[in-house]
Amino acid sequence: GFFQSYAVEVDVKDASNATCLYAKWMMRFLIKYETNNSDYKNTALNLSSSVTHNGSICGNDTQAALLTVQFGEGHSWSINFTKNNETYQGDFITFTYNTNDTAVFPDAKRKGPITIVVKDTMHPVQLNNVFVCHNTDSFEAENVTQIFWNVTVQAFVENGTVGKKESRCRADTPTSAPTVPPTIANVTTASTTTLSPAPTTVPKPVENPDTGNYSLKSGNKTCLLATVGLQLNVSQDKPLLINVNPKTTSADGACGNTTATLKLNDGNSTLISF
């Protein structure tokens, strides 16, 4: 498979031994960490075959539900869910990785657990519905990329029975077929007048981006050069293409002994960094 990892299935019970929180998913972590030589390495942290869910909480109208799992040598991951009148949704994701795990971090400079918290982007889900997302989703923060796929989850399960109706994530929802504009072939008319198809407006193609020359200096010496034309493709509600304009874009960053970072800024916003 593309990702080598174990699936996790958690079935949290309430005091009457009825299911109150159910989840099954796959996840993987890509982590950049500093080594004893003060350079940086990338490593992958996968789930082990042995996962516990100590501390998971059912939740209620006034208390958030908590799904938390522990795996490997001191690693843990959790998400809490909040409930409104008719919906529930994920709130915050907390991930802790332990650099004392020498199998994953053999030469980490910083030792011990490191915790990061990110805001979940899950949309509100109708109560009694199961949230399903087979496509890959990811969160990136503080040198950690969290990757999820094949997700099935329902918080605040009622009567101990996981719902049968699914609420799909946007990535799983197929796009609708494009509307076919009327032409002479598909317009029915009783008139004998010859019809001509209405003129269609062809969208203006986005031109190739202008090439920019960007450089960084370390003292009086140039340490990084980049000659590149850049175009950003943002796919959210609809695709959006943005050309990076070299005339309004400045370069920032730093050069080190083993790494260099180039940041391209437009005003006060960082467009992209390498």
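Residues numbered from 1 in each chain as written. Predicted model: local features only at pLDDT ≥ 70, side-chain atom pairs only at ≥ 80, totals over all residues. Heavy atoms only, no water.

In the annotation of an unreviewed UniProt entry, the entry for the protein reads Lysosome-associated membrane glycoprotein 2, and the organism field reads Ciccaba nigrolineata.

Student: Which residues make up the overall build of the protein, and what are the values?
Tutor: Check the secondary structure of the protein and you find 0 helices and 20 strands. Out of the 274 residues in the protein, the part that is buried amounts to 34%. For the protein, the share of sequence-separated contacts (at least 6 apart) that also reach a separation of at least 24 residues comes to 49%. Carbon and sulfur atoms provide 48% of the accessible area of the protein, an area that totals close to 17500 Å². (Helix = DSSP H or I, 4+ residues; strand = E, 2+ residues; numbered from the N terminus. Buried < 20%, exposed > 50% of the residue type's maximum accessible area, 1.4 Å probe, protein only. Contact = heavy atoms within 4.5 Å. Areas by Shrake-Rupley, 256 points an atom, 1.4 Å probe, with all protein chains shown as cover.)

Student: Break down the state of the cysteines for me, citing the residues and quoting the values.
Tutor: For the structure shown, the criterion picks out 3 disulfides. Sulfur-sulfur distance for the disulfide between Cys20 and Cys58 comes to 2.0 Å. Where Cys20 bonds to Cys58 through sulfur, the torsion about that S-S bond is close to -70°, and the disulfide is left-handed. With Cys20 in strand E2 (residues 19-34) and Cys58 in the loop between strand E4 (51-52) and strand E5 (65-71), this pair connects stretches of sequence that are 38 residues apart. Residue Cys58 is classed as buried on the basis of its relative accessible area of 17%. A disulfide bridge connects Cys223 with Cys255, and the sulfur atoms are separated by 1.9 Å. (Disulfide = S-S within 2.5 Å.)

Student: Got a sec to walk through the pattern of salt bridges? Specific residues and values, please.
Tutor: If charged atoms from side chains of opposite charge come close, those side chains can pair. For the structure shown, the criterion picks out 7 salt bridges. Glu34 serves as the salt-bridge partner of Lys109, at 3.7 Å between the closest nitrogen and oxygen. Highlighted residues: Lys109 in the loop between strand E7 (87-98) and strand E8 (113-119) and Glu34 in strand E2, separated in sequence by 75 residues. The partner of Lys83 in a salt bridge is Asp61, and the shortest N-O contact between them spans 2.8 Å. (Salt bridge = Lys/Arg side-chain N within 4 Å of Asp/Glu carboxyl O.)

Student: Give me the lowdown on the nonpolar core, citing residues and values where you can.
Tutor: Core analysis: the largest hydrophobic core is formed by 45 residues, its most contacted members being Trp25, Met27, Trp77, Phe81, Tyr88, Phe95 and Phe131. At 8 residues, the largest contribution of residues to this core is made by E2. One finds Leu216, Leu230, Leu232 and Leu262 within the second-largest nonpolar core, a separate group that totals 9 residues. (Core = buried A, V, L, I, M, F, W, Y, C linked by side-chain atoms within 4.5 Å.)

Student: Account for the environment of Pro209, with residues named and values stated.
Tutor: As for its position among the elements, Pro209 is in the loop between strand E13 (166-168) and strand E14 (211-218). It is 7.3 Å that separates the C-alpha atoms of Pro209 and Asn245, two residues lying 36 residues apart in sequence. Once residues within four sequence positions are removed from consideration, Pro209 is found in contact with Gly229, Leu230, Gln231 and Asn243.

Student: With reference to specific residues and values, describe the side chain of Asp120.
Tutor: Note on placement: Asp120 falls in the loop between E8 and strand E9 (125-126). Reaching out from Asp120, the side chain makes a polar contact with the backbone nitrogen of Met122 at a distance of 3.5 Å. The contact partners of Asp120, leaving out residues within four places of it in the chain, are Ile79, Gly90, Asp91, Phe92, Ile93 and Phe139. (Polar contact = N/O pair within 3.5 Å; in protein donor to acceptor, adjacent residues only side chain to side chain.)

Student: An account of the environment of Arg28 is requested, with residue identities and associated values reported.
Tutor: Within the fold, Arg28 resides in strand E2. Relative accessible area serves as the criterion here: at 19%, Arg28 is assigned to the buried category. Distance from Arg28 to Trp149, taken between C-alpha atoms, is 9.1 Å for residues 121 residues apart in sequence.

Student: Tell me about the pairing of strand E10 (residues 130-133), and name the residues and values.
Tutor: With burial as the criterion, each face of E10 is covered, one bearing Val130 and Val132 and the other bearing Phe131 and Cys133. Both E10 and E13 contribute to a ladder of 3 bridges, which runs parallel. Pairing of Phe131 across the sheet is with Ser167, part of E13. Pairing of E10 with strand E12 (residues 144-154), which is carried by 3 bridges, proceeds in the antiparallel orientation. Within the sheet, the bridge partner assigned to Cys133 lies in E12 and is Val151. (Pairing = 2+ DSSP bridges.)

Student: How would you summarise the packing of aromatic side chains if you had to cite specific residues and measurements?
Tutor: Here the structure, examined in full by the defined rule, presents 9 aromatic pairs. Ring plane angle 5° and centroid distance 6.1 Å describe the contact between Phe29 and Phe71, whose orientation is recorded as stacked. Here Phe71 lies in strand E5 and Phe29 lies in strand E2, a separation of 42 residues in the sequence. Taking the relative accessible area as the measure of exposure, Phe29 reaches 0% and is therefore buried. (Phe/Tyr/Trp six-rings, centres within 6.5 Å; stacked < 30°, edge-to-face > 60°.)

Student: Which residues make up the layout of surface pockets, and what values do they have?
Tutor: Reported here for the largest pocket is a volume of approximately 650 Å³. As for the largest pocket, its lining consists of 30 residues, and the residues nearest its centre are Asp120, Thr121, Met122, Phe131 and Asp137. Looking at the lining of the largest pocket, the elements with two or more residues in it are E2, strand E6 (75-83), E10, strand E11 (137-141), E12 and E13. Of the residues forming the lining of the largest pocket, the biggest block, 5 residues, is contributed by E12. Partitioned by chemical class, the residues of the lining of the largest pocket number 19 nonpolar, 6 polar and 5 charged. Quantified by volume, the second largest pocket comes out at close to 310 Å³. Put simply, the parts of the chain that give the lining of the second largest pocket at least two residues each are E2, strand E3 (40-46), E12 and strand E19 (260-266). Residue classes in the lining of the second largest pocket are distributed as 6 nonpolar, 6 polar and 2 charged. Here the lining of the second largest pocket spans two domains, since at least three of its residues come from each of domain 1 (7-172) and domain 2 (211-273). (1 Å grid on protein atoms, 1.4 Å probe; cavity = no way out; pocket = protein on both sides within 12 Å on 5 of 7 lines; lining within 4 Å. Points joined across faces, edges and corners; volume = space filled by probe spheres on them. Nonpolar A, V, L, I, M, F, W, Y, C, P; charged D, E, K, R; others polar. Domains from an automatic or database assignment.)

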